[in-house]
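# Structural overview for review
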There are 12 protein chains.
Amino acid sequence: MKLLVLNGPNLNLLGQREPDIYGRTTLADIEQSVRELAGKHGAEVDFRQSNLEGELVTWIQEARGNADVILLNAGAYTHTSVALRDAISGTGVPTIEVHLSNIHAREEFRHKSLIAAVCKGQICGFGAASYTLAVHASLSISSKK
Amino acid sequence: MKLLVLNGPNLNLLGQREPDIYGRTTLADIEQSVRELAGKHGAEVDFRQSNLEGELVTWIQEARGNADVILLNAGAYTHTSVALRDAISGTGVPTIEVHLSNIHAREEFRHKSLIAAVCKGQICGFGAASYTLAVHASLSISSKK
Amino acid sequence: MKLLVLNGPNLNLLGQREPDIYGRTTLADIEQSVRELAGKHGAEVDFRQSNLEGELVTWIQEARGNADVILLNAGAYTHTSVALRDAISGTGVPTIEVHLSNIHAREEFRHKSLIAAVCKGQICGFGAASYTLAVHASLSISSKK
Amino acid sequence: MKLLVLNGPNLNLLGQREPDIYGRTTLADIEQSVRELAGKHGAEVDFRQSNLEGELVTWIQEARGNADVILLNAGAYTHTSVALRDAISGTGVPTIEVHLSNIHAREEFRHKSLIAAVCKGQICGFGAASYTLAVHASLSISSKK
Amino acid sequence: MKLLVLNGPNLNLLGQREPDIYGRTTLADIEQSVRELAGKHGAEVDFRQSNLEGELVTWIQEARGNADVILLNAGAYTHTSVALRDAISGTGVPTIEVHLSNIHAREEFRHKSLIAAVCKGQICGFGAASYTLAVHASLSISSKK
Amino acid sequence: MKLLVLNGPNLNLLGQREPDIYGRTTLADIEQSVRELAGKHGAEVDFRQSNLEGELVTWIQEARGNADVILLNAGAYTHTSVALRDAISGTGVPTIEVHLSNIHAREEFRHKSLIAAVCKGQICGFGAASYTLAVHASLSISSKK
Amino acid sequence: MKLLVLNGPNLNLLGQREPDIYGRTTLADIEQSVRELAGKHGAEVDFRQSNLEGELVTWIQEARGNADVILLNAGAYTHTSVALRDAISGTGVPTIEVHLSNIHAREEFRHKSLIAAVCKGQICGFGAASYTLAVHASLSISSKK
Amino acid sequence: MKLLVLNGPNLNLLGQREPDIYGRTTLADIEQSVRELAGKHGAEVDFRQSNLEGELVTWIQEARGNADVILLNAGAYTHTSVALRDAISGTGVPTIEVHLSNIHAREEFRHKSLIAAVCKGQICGFGAASYTLAVHASLSISSKK
Amino acid sequence: MKLLVLNGPNLNLLGQREPDIYGRTTLADIEQSVRELAGKHGAEVDFRQSNLEGELVTWIQEARGNADVILLNAGAYTHTSVALRDAISGTGVPTIEVHLSNIHAREEFRHKSLIAAVCKGQICGFGAASYTLAVHASLSISSKK
Amino acid sequence: MKLLVLNGPNLNLLGQREPDIYGRTTLADIEQSVRELAGKHGAEVDFRQSNLEGELVTWIQEARGNADVILLNAGAYTHTSVALRDAISGTGVPTIEVHLSNIHAREEFRHKSLIAAVCKGQICGFGAASYTLAVHASLSISSKK
Amino acid sequence: MKLLVLNGPNLNLLGQREPDIYGRTTLADIEQSVRELAGKHGAEVDFRQSNLEGELVTWIQEARGNADVILLNAGAYTHTSVALRDAISGTGVPTIEVHLSNIHAREEFRHKSLIAAVCKGQICGFGAASYTLAVHASLSISSKK
Amino acid sequence: MKLLVLNGPNLNLLGQREPDIYGRTTLADIEQSVRELAGKHGAEVDFRQSNLEGELVTWIQEARGNADVILLNAGAYTHTSVALRDAISGTGVPTIEVHLSNIHAREEFRHKSLIAAVCKGQICGFGAASYTLAVHASLSISSKK
């Protein structure tokens, strides 16, 4: 199984930025946790981050045929990007929406996810563990095929 | 670790009711999966279902001191019950919101969860696996204490 | 043909409560009219009332295999209960929405029925006659099968 | 008893137009059913259809003194016509709102009836049977006078 | 000066219909008052009523070159007709919006006039006197040219 | 007959302020026109202006027993003052709402009058003539008593 | 005078649950204060709590003839229950809405009370004293009869 | 190929009415352009205009079997008519929505087209050329069959 | 203890104005009741009324250091004044919101209090007794310090 | 150059009131800073404060011909006063909107300024420095003439 | 004549992505059709695609002086990009909005185009033919200059 | 002191694009003014422009430790970008929101700034002078540290 893990804007700041909300774990720490868990189950991981909406769109498009599941933490673009939504429904690869914080417990404008409607499911609120839960979820999806 | 798994209205119909949305797994199947996974990690499980909003409120209240984490699939009450919200914030036990289907991909009125703001996090869209993911999440919460 | 006639909160007060809106007929009078008309057409009637949302949910669930048509006057829960909606769509038994008063001619918040979208049809505004019209409607549905 | 049965725009297409929603029964079939049932109870029927909002307004006005009950399926004008509403409240003849489909289970803009607030009651969702149920309802209203 | 006085749907019922709101004066009484006052000031009056939105549109179009001022009581179409609005702005004849009742003191949906934005002014709430006030207003407009 | 003519904020600037919208007539010119027309019909006029909401409230209160009709151009307070509304309904003196411009043809926030619901009627859009039309309206109201 | 004091969901947790908002006083403490004050004025007190919406509905219904005033702290159901509203207007017993906290100073969704429109008045924000104030209010209502 | 070109209210005024928005071309000019282009491609044209919503409904109904494509400039009824929408979906003939002006660049209330959801496509903003573009579009639709 | 009792616009009319809503008690009667009850408990009363929003603002500002509790019936300004809200939060003196009528049972625009969020609590619906209840509430607040 | 600096309700409390939001600087401190900076550039300063909306309106009206630029911190009236807006557009003197706090970062109701649309520009969020920045801005405006 | 044809996010996937909505034609096919038709009329074509909002903004800016008409299918950015809107109004080159699908017949959030207000016109719903129709429209615009 | 001045989409067009709204000053002119004023006060300036949302996000992230204050004119992204908001709150560098035009006096959709809530303050409406005012503001912020 191949996992494509995509991280949106400002996630490169993780561990420095607003630790009260996002914790002190860095994106590199998360990448390592994901690789470890995935490795245990024989899954490959492609892990990326971009601040550019259009680059995330392109990466999602390229997942077609190259990944079995996408783990997407679209960050702020979750709430503003129809382009990501169209990319997900266009690529046809099952996508899991991941958030470090519980977006439903924050500001009103973060409650609405424009991409949720085309994702398989959503995991949010567990900090870095949201990513490893999503790896578990990927395995569950994969085993059903 | 003690897990209290609460299921709201109509979840007793699982496996019979609208299988296109909810799948053919029964609530008993889910209970078994939860017990197995929890058992592996030495966690106890108290698994219940009720169609009565007030009974769910009472069970959540009683978790105080009797459970380490609540897994709550509040079903339809997710979208209409302030009483459940108050019970969760009153009981002080970390609560994980669980849904079989991706509520954000369904009718508009299911996008809004009245309880999300007082829950630790949300897992939805993975069918029966949403529950086992929540068990993993409980372990993650517990290990941080 | 078996008819399950369910009455929601406060309908037990019928005949005493706000007669300007609901008339002086009691729920027992209505039950009798329903039984008479149903009896003429060889239909059995199970007639109940509850103030508890969850009990109404359970009764609707139990209709599966035990009733051919549900006549549901959900009273105030019409406007607030997603749980009843899910029970109706889950039970699979054709359900007719009944109201004594014309809910569309009353306060704004009574115009919206959360259960209408999963019911066969709606009859409202004819007082006790709404129920007997619904019996006629049940016969019409039944004869089409 | 004299019944005036008025049909709004596009109901002349009945049986041809979108049979998945409206069925294959024609307006002539419905007229016949209404006349039969009304005839049994000694009631006269005046049955009309128009695509013109203003013509429907005029017919409702003329009901004053010429009809005991109006059965009105205003079709699309249900959702857009204040003129029909004013005609109904002006004419003073009890009016029953009839719809073939369950308007509350269709597109959002069909949930709101501008005429409901001035009608006696509403019957919708039973196909052609909505009309015969309305005849029953008319008899019920009439017998109360 | 030539005045075109147009009356919309249900105004032909005036004096019979809902006298609590509209009074007992008939449309013929109003016509007479208008003719008398206009006559005193040497103005001609063309006074019409229609229940048809499209016929009112046509009459407004024909005012171009044939009338100096239009007095328009569009009745219910005030709140629903963009076609009347377009006819008024297209015809170029100054138009005065007239209402018997104070539309701003009635149901919410009567507060919004779709035609107000293209009318010279609005007079409402004075019963039949709304029309004679509008004749005064016409003289005022005319004298400014 | 005694007329109390009240003018709200900024109307003292009339003739100087934004002549494209309000014309070049001053408030003194309007007062003179009102006095002339009222004088012809034997009516007394008390004509005032204030920029203070509370002072307008007091003047309306004092009209009780001292005026037969109030002509009120509340200016900007039309759209923001519940206090004026309460004063009008409290004083019991019939009040006519007057505006120089057609408020329904201007910015959205000027379409809503908080005082309209407790006024006899509304006259707007005729510039200074709105006031003399209101004098005519007052005579019409008075003659009906 | 007989007082029926009803407490809704989660009020049984009082004193333990979120003391920052609700204080440390228990429901038993409140009951005692109410009984003391009522006792001084010769009034009987029936004091109950339930987490079940339907049970509260039933208790309100039973007040008919058994209580002179209802003191109702409906807790979370204040904001979601039309059934309680209908029970109050059906029972005909004057009802006083009580809240420990100032609901208008908390989350937006707590500002709207569905039951307020059918209650005599509202007292909120004074902690346990809200109840004793409501006893005073009951005496005031009672003395006016 | 047979084209039915329908024009709604006020389009008969074209060339006279508000030339800044709609240009100086008359409806007759447009008809000629349409006939010329259609003629080149061997298509017949039936070109009509009405101010009556109901007449437009009837013409659309009659297209069934008599036209291959409808070109519909519904004018103001675009924004208010559910009856036209139902006629289009009922007739089953592919319909192209045409507007002279770019409705999305005008007043807010013109941005919403009630008929768009049942039309093949929309062409707006090109003045008279919107019609000839729609003829091209018709040929494109027709060639695909 | 020193009480500052402030009364907003139109409360000087009390007893004359709309007695169906506000009763026949005058503001002087209320002042006397307040003084009597306060006197019994050794509290001083400063009782004022103004129709001017700005004057109420000034009086609230001056309470700083001169009053222990403010009883504020802001009348219509309750629903429109941010200035009063800022004055209350600026003065730092605990303020109790008082209303004669149950504002939540009246017109929609009276349900929203702009000042509630900065007040200690709200008492409404008990007529003149609302004030004496507020005196009791003041004593309760005071005794807690 | 002459500067008119106007301060709305509660700004007289500056330095005492809610120092967390507004700081400890008093209005007198600000006046001094403004006078110093203006003095350096040879500008005169007229500096006033009022709690009365109508007085602020009058002062703005009087600026016509007496001031080159108005600096207006309307305080709470920013969000509720159409009268101030009309005064500004009526006076014709360029007006700069000033706020101590960043109104867009506070409660939702403070985000909307009713006067912004008729002001030259807005400076907010810099505490007392907002005023001196506005003096700089005045000089910039003035130098462009 | 020079045409700049710009394609937004995900249009590079055309022919693969969701063929039920967008058809099987690729973007290369469309480019060829556009070039052929433009070539026949002696027009040059510059045809590009980008997933990056900012790159589309830059290309539109560069059109100034380099293109006579822009054909813009902004894809998902149609509904979210104010930057594109500003680029179009800034560049001054007439722009035609093109969509393959009828955006008004799809999800609610696709009905609103943020760029429509600054475009010449809109063509949508004709699949690949939307582009060739836009070429025709460009010629029509160009011939008018 | 180090200032980072960031300019969003389309600001590179300044001086050419819509001079009625933005004036004829170019971005280079503004850069020069900023450098001059900053230079006088010994501050360094880093001045950049980008059409790419993601590049602006990256630049803001990099300000951490490299700039004392950010001056941000985010152009159109002001109204659509949550990513910029998160970058600002993540970087921790005080940020001043700058706009050439008064955004609150333009189209409705420009009134809402998504970044305002995390900025120090806002300066808008003074054309190029908005930038130099922001330099003054930066000095004021800096001097307080």
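Residues numbered from 1 in each chain as written. Chains lettered and ligands numbered in written order. Predicted model: local features only at pLDDT ≥ 70, side-chain atom pairs only at ≥ 80, totals over all residues. Heavy atoms only, no water.

## What about the overall build of chain A?
Helix and strand counts for chain A stand at five helices and five strands. What you see in chain A, going N to C, is helices and strands ordered as β-α-α-β-α-β-α-β-β-α. Taking 15 Å as the expected radius of gyration for a compact globule of 145 residues, we find that chain A reaches 14 Å, a close match to that expectation. Along the first, second and third principal axes, the C-alpha set of chain A runs to 35 × 30 × 25 Å. Looking at the 145 residues of chain A, the share that counts as buried comes to 64%. (Helix = DSSP H or I, 4+ residues; strand = E, 2+ residues; numbered from the N terminus. Rg over C-alpha atoms; globule rule 2.2 N^0.38 Å. Buried < 20%, exposed > 50% of the residue type's maximum accessible area, 1.4 Å probe, protein only.)

## Some words on the relation of the copies chain B and chain A
Between chain B and chain A, the superposition needs a rotation of 180° and an axial shift of 0.0 Å, giving an RMSD of 0.0 Å. The relationship between the two copies is best expressed as a two-fold rotation axis. Proximity to the rotation axis, assessed at the C-alpha, singles out Ile123 of chain B in chain B; its C-alpha lies 2.3 Å from the axis. (Least-squares fit on C-alpha atoms with pLDDT ≥ 70 in both.)

## Regarding the pattern of salt bridges
Any two side chains of opposite charge can pair if their charged atoms end up close together. This model, assessed by the stated rule, comprises 72 salt bridges over all chains. Across the salt bridge formed by Arg110 of chain F and Glu107 of chain F, the nearest N and O atoms sit 2.8 Å from each other. The exposure class assigned to Arg110 of chain F is buried, which follows from its relative accessible area of 4%. Here the salt bridges do not stand alone but share partners, grouping Arg85 and Asp86 of chain A together with Arg106, Glu107 and Arg110 of chain K into one network. (Salt bridge = Lys/Arg side-chain N within 4 Å of Asp/Glu carboxyl O.)

## Some points on the pairing of strand β1 (residues 2-7) of chain I
The side chains of a regular strand alternate, residue by residue, between the two faces of the sheet. Residues and elements named next belong to chain I. β1 sits mainly inside the fold: five of its six residues count as buried. Sheet analysis places β1 next to strand β2 (residues 44-49), joined by six bridges and oriented parallel. The residue bridging Leu6 from the neighbouring strand is Arg48, located in β2. As paired strands, β1 and strand β3 (residues 69-73) are joined by five bridges and run parallel to one another. The residue bridging Asn7 from the neighbouring strand is Asn73, located in β3. (Pairing = 2+ DSSP bridges.)

## Description of the pairing of strand β5 (residues 121-124) of chain J
Burial along β5 of chain J is two-sided: Gly121 and Ile123 of chain J facing one way and Gln122 and Cys124 of chain J facing the other are all buried. Bridging between β5 of chain J and strand β5 (residues 121-124) of chain L involves three bridges; their strand directions are antiparallel. Residue pairing across strands places Cys124 of chain J opposite Gln122 of chain L, the latter belonging to β5 of chain L.

## So, the arrangement of the chains
One finds no contact linking chain H with chain J; the least C-alpha distance across the pair is 20 Å. Chain K makes no contact with chain G, the minimum C-alpha separation between the two being 26 Å. (Contact = heavy atoms within 4.5 Å.)

## As for the sheet that holds strand β1 (residues 2-7) of chain C
Read across the open sheet, the 10 strands follow the order β2(C)-β1(C)-β3(C)-β4(C)-β5(C)-β5(D)-β4(D)-β3(D)-β1(D)-β2(D); overall the sheet is mixed. Taken across any chain shown, the strands that pair with only one partner, and hence form the sheet edges, are β2 (44-49) of chain C together with β2 (44-49) of chain D. Put simply, the sheet's adjacent strands are angled 20° from each other on average, direction ignored. Running at roughly 170° to strand β1 (residues 2-7) of chain D, helix α3 (residues 53-62) of chain D makes contact with β1, β2 and β3 (69-73) of chain D of the sheet. (Axes fitted to C-alpha atoms, helices over the stretch in contact; angles between N-to-C directions.)

## Structural notes on the packing of helix α3 (residues 53-62) of chain K against helix α4 (residues 82-91) of chain K
Residues and elements named next belong to chain K. Interaxial distance between α3 and α4 falls to 9 Å at its minimum, and their mutual angle equals 5°. Considering the angle they form, α3 stands roughly parallel to α4. Contacts between α3 and α4 involve Glu53, Leu56, Val57, Ile60 and Gln61 from the former and Ala83, Leu84, Ala87, Ile88 and Thr91 from the latter. Grouping the constituent residues of the contact of α3 with α4 by class yields seven nonpolar, two polar and one charged. (Parallel < 35°, antiparallel > 145°, perpendicular 65-115°, else oblique. Nonpolar A, V, L, I, M, F, W, Y, C, P; charged D, E, K, R; others polar.)

## What to know about the interface of chain G and chain B
Contacts between the two partners involve 16 residues from chain G and, on the opposite side, 16 residues from chain B. Summed over both sides, the interface between chain G and chain B buries roughly 1300 Å², with carbon and sulfur atoms accounting for 52% of that surface. On the surface where chain G and chain B come into contact, there are two salt bridges. Arg110 of chain G serves as the salt-bridge partner of Asp86 of chain B, at 2.9 Å between the closest nitrogen and oxygen. For the interface between chain G and chain B, the tally reads seven residue pairs in polar contact (both at pLDDT 80 or more). (Buried area = accessible area lost by both parts, 1.4 Å probe. Polar contact = N/O pair within 3.5 Å; in protein donor to acceptor, adjacent residues only side chain to side chain.)

## Quick word on helix α4 (residues 82-91) of chain H
All names here are of chain H. Of all 10 residues in α4, nine are buried; the element is thus mostly enclosed. Residues of α4 that are buried: Val82, Ala83, Leu84, Arg85, Asp86, Ala87, Ile88, Gly90 and Thr91. Sitting at the head of α4, Ser81 places a side-chain oxygen 3.4 Å from the backbone nitrogen of Ala83.

## Section: the relation of the copies chain G and chain B
Laying chain G over chain B is done by rotating through 120° and shifting 0.0 Å along the axis; what remains is an RMSD of 0.0 Å. Such a combination of rotation and displacement between the chain copies is what one expects of a three-fold axis. Residues of chain G ranked by C-alpha distance from the rotation axis are headed by Thr80 of chain G, positioned 4.1 Å from it. Looking at the interface residues of chain G, only 19% of them are also at the interface in chain B, so each copy uses its own face.

## Thoughts on the sheet that holds strand β3 (residues 69-73) of chain E
Taken in spatial order, the 10 strands line up as β2(E)-β1(E)-β3(E)-β4(E)-β5(E)-β5(F)-β4(F)-β3(F)-β1(F)-β2(F) in an open sheet, and their pairing is mixed. Among the strands making up the open sheet, the edge pair consists of β2 (44-49) of chain E together with β2 (44-49) of chain F. Each strand axis lies, on average, 20° off the axis of its neighbour in the sheet, ignoring direction. Contacting β1 (2-7) and β2 of chain F, helix α2 (residues 27-40) of chain F crosses the sheet at an angle of about 165° to β2 of chain F.

## Considerations on the interface of chain B and chain A
The interface of chain B with chain A comprises 23 residues on the first partner and 23 residues on the second. Of all residues in chain B, His104, Gln122 and Phe126 of chain B bury the most surface against chain A, accounting for 29% of the area lost on that side. At the boundary of chain B and chain A, one finds zero salt bridges. Summed over the shared surface of chain B and chain A, the result is nine residue pairs in polar contact (both at pLDDT 80 or more). For the side of chain B that touches chain A, the secondary-structure elements that each account for two or more residues are β5 (121-124) and α5 (129-144) of chain B. For the side of chain B that touches chain A, the element with the highest residue contribution is α5 of chain B, accounting for seven residues.

## Quick word on the environment of Leu6 of chain A
In this structure, Leu6 of chain A sits in strand β1 (residues 2-7). Through-space distance from the C-alpha of Leu6 of chain A to that of Leu71 of chain A is 6.2 Å; in sequence the pair is 65 residues apart.

## Points about the confidence of the model for chain A
When pLDDT is averaged along chain A, the result is 95; 97% of the residues meet or exceed 70. This prediction of the complex comes with two scores: 0.95 for pTM and 0.95 for ipTM. (pLDDT = per-residue confidence, 0-100.)

## Digging into unusual backbone geometry
Residues and elements named next belong to chain F. With a phi angle near 75°, Asn10 is a residue other than glycine that sits in the positive phi range. On the secondary structure map, Asn10 appears in the loop between β1 and α1 (19-22). On the basis of relative accessibility, which here comes to 0%, the residue Asn10 falls in the buried class.

## Quick look at the environment of Ala128 of chain E
Residues and elements named next belong to chain E. With respect to the helices and strands, Ala128 occurs in the loop between β5 (121-124) and α5 (129-144). For the pair Ala128 and Thr25, spaced 103 residues apart in sequence, the C-alpha to C-alpha distance is 7.1 Å. Apart from the residues lying within four places of it in its own chain, the contact partners of Ala128 are Thr25, Ile30 and Leu100.

## Let's talk about the side chain of Thr78 of chain A
Residues and elements named next belong to chain A. As for its placement among the helices and strands, Thr78 is situated in the loop between β3 (69-73) and α4 (82-91). Judged by its relative accessible area of 0%, Thr78 is buried. Ignoring anything within four residues of it in the chain, the contact list for Thr78 reads Glu97, His99, Lys112, Ser113, Leu114 and Ile115.

## Quick word on the side chain of Asn51 of chain H
Take Asn51 of chain H: it is sitting in the loop between β2 (44-49) and α3 (53-62). Here the side chain of Asn51 of chain H touches Asn10 of chain H through a polar contact of 3.0 Å, landing on its backbone nitrogen. When neighbours within four sequence positions are excluded, Asn51 of chain H is seen to be in contact with Gly54, Val57, Thr58 and Gln61 of chain E together with Gly8, Pro9, Asn10, Asn12 and Tyr77 of chain H.

## Quick look at the packing of aromatic side chains
The tally for this structure, following the rule as stated, stands at four aromatic pairs over all chains. The ring of Trp59 of chain C carries Arg48 of chain C above its face, with NZ or CZ at 5.1 Å from the centroid. (Phe/Tyr/Trp six-rings, centres within 6.5 Å; stacked < 30°, edge-to-face > 60°. Lys NZ or Arg CZ within 6 Å of the ring centre and 35° of its normal.)

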